[in-house]
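So you can see what is in the structure, the chains are spelled out below.
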Amino acid sequence: QVHLVESGGGLVHPGGSLTLSCSASGLTLARYSVAWFRRAPGKQREGVSCINSVTTSDGATKYADSVKGRFTISRDAAKNTAYLQMNSLKSEDTSVYYCAVDPVQNGCGLASFTTYGYWGQGTQVTVSS
């Protein structure tokens, strides 16, 4: 079975940093597009960042405007793990963050989450004073 497990969430002060991890089993992450989405209370699910497959595509990344310049997505093939490094965190970044994988090798995208067939359970990020 395919499993995605997020970790690394927690409570941080505004301006602080966290790095989220998405550990995968049952698939090789490098073959697929991987994305991070988030959902805050009372808000719609939002695409945060994604990275293309490096075996079938170019490994390019995309970021939501709200996080551009502050967040960095990456992938470690040896560890079969994706990461989201979050710097300069703001209160509005408070959300449950989800890792997702496109199992049919579509390109990296954030406009829709319907192409992402595999999801982790989510990890809570709270930014507060």
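Residues numbered from 1 in each chain as written. Predicted model: local features only at pLDDT ≥ 70, side-chain atom pairs only at ≥ 80, totals over all residues. Heavy atoms only, no water.

Caption draft 1: Representation of the environment of Thr115 within the structure. Along the chain, Thr115 turns up in the loop between strand E9 (95-101) and strand E10 (118-119). Dropping the residues within four chain positions of it, Thr115 is found in contact with Asp102, Pro103 and Asn106. (Helix = DSSP H or I, 4+ residues; strand = E, 2+ residues; numbered from the N terminus. Contact = heavy atoms within 4.5 Å.)

Caption draft 2: Geometry of the sheet that holds strand E8 (residues 81-86). The strand order E1-E3-E8-E7 describes an open sheet built from 4 strands, whose pairing is antiparallel. Both edges of this open sheet fall to strand E1 (3-7) and strand E7 (71-76), since each of them pairs with a single strand only. Neighbouring strand axes in the sheet, compared pairwise and without regard to direction, differ in orientation by 15° on average. Pairing geometry for E7 and E8, over 6 bridges, is antiparallel. Bridge pairing in E8 places Ser74 opposite Tyr83. (Pairing = 2+ DSSP bridges. Axes fitted to C-alpha atoms, helices over the stretch in contact; angles between N-to-C directions.)

Caption draft 3: Quick peek at the state of the cysteines. Tallied over the entire structure, the rule returns 2 disulfides. Between the sulfur atoms of Cys22 and its disulfide partner Cys99 the distance amounts to 2.0 Å. Taking the sign of the S-S torsion, -75° for the link of Cys22 and Cys99, the bridge is left-handed. Placement of Cys22 in strand E3 (residues 18-25) and of Cys99 in strand E9 is noted, with a sequence separation of 77 residues between them. Per residue, the accessibility class of Cys22 equals that of Cys99, and both read buried. Covalently, Cys50 is tied to Cys108 through a disulfide, its sulfur atoms 1.8 Å apart. Classification of the bridge connecting Cys50 and Cys108 rests on its S-S torsion, roughly 85°, and on that basis the disulfide is right-handed. Taken as a pair, Cys50 in strand E5 (residues 46-51) and Cys108 in the loop between E9 and E10 lie far apart in primary sequence, 58 residues in all. (Disulfide = S-S within 2.5 Å. Buried < 20%, exposed > 50% of the residue type's maximum accessible area, 1.4 Å probe, protein only.)

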